[in-house]
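Notes for the structure review
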Amino acid sequence: MPRLGAHCSTSGGLVTALDRGVQIGADSIQLFTKNNRQWGARPLKPEEVAEFHARTAETGLTPLVSHATYLLNPASPKSDIWQKTLDALRIEIERCRDLGIAYLVLHPGAHTGSGLAAGIE
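Glancing now at the overall build of the protein. What the protein contains, in helices and strands, is four helices and four strands. Traced from its N-terminal end to its C-terminal end, the protein shows the element sequence β-α-β-α-β-α-β-α. Reported as C-alpha extents along the three principal axes, the dimensions of the protein are approximately 45 × 35 × 20 Å. Burial statistics for the protein: of 121 residues in total, 33% are counted as buried. Across the protein, contacts joining residues at least 24 apart in sequence account for 70% of those joining residues at least 6 apart. Total accessible area on the protein is roughly 7200 Å²; 57% of this is exposed by carbon and sulfur atoms. For the protein, the centre of its 12 positive side-chain charges and the centre of its 12 negative side-chain charges are spaced 4 Å apart.

What follows covers the side chain of Thr85. In this structure, Thr85 sits in helix H3 (residues 79–99). Here the side chain of Thr85 touches Asn73 through a polar contact of 3.0 Å, landing on its backbone nitrogen.

With that settled, consider the pattern of salt bridges. The tally for this structure, following the rule as stated, stands at five salt bridges. One connected set of salt bridges, linked through shared partners, spans Asp19, Arg55 and Glu58.

Rules and cut-offs
Residues numbered from 1 in each chain as written. Predicted model: local features only at pLDDT ≥ 70, side-chain atom pairs only at ≥ 80, totals over all residues. Heavy atoms only, no water. Helix = DSSP H or I, 4+ residues; strand = E, 2+ residues; numbered from the N terminus. Buried < 20%, exposed > 50% of the residue type's maximum accessible area, 1.4 Å probe, protein only. Contact = heavy atoms within 4.5 Å. Areas by Shrake-Rupley, 256 points an atom, 1.4 Å probe, with all protein chains shown as cover. Lys, Arg positive; Asp, Glu negative; His and termini not counted. Charge placed at Lys NZ, Arg CZ, Asp CG, Glu CD. Polar contact = N/O pair within 3.5 Å; in protein donor to acceptor, adjacent residues only side chain to side chain. Salt bridge = Lys/Arg side-chain N within 4 Å of Asp/Glu carboxyl O.

What follows is the structure, encoded as structure tokens:
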């Protein structure tokens, strides 16, 4: 069944993205579970997770999709960037798991001059 959705802002809290999705008549939404321009994230509070689950059930929006931080670069030849990417990706995956979000979008990054084969590796 085709779904129609949009990327919805979480300004004001994670559940606001769900409410915005309902307001625009979406079937599905994409959101950031954390600041999209920072490596780390504050831990999710249990009450925040519970509220998100409850509101997800109320809205019926499905599937939910998260977009990872723009900083991730899994193709980077720089070991410090690659390690930061892995650490941040772990955070993204854990947040999706905790919130019941089945899909996570991320970009493959840029090899920054090391070559296509190295970037893919």
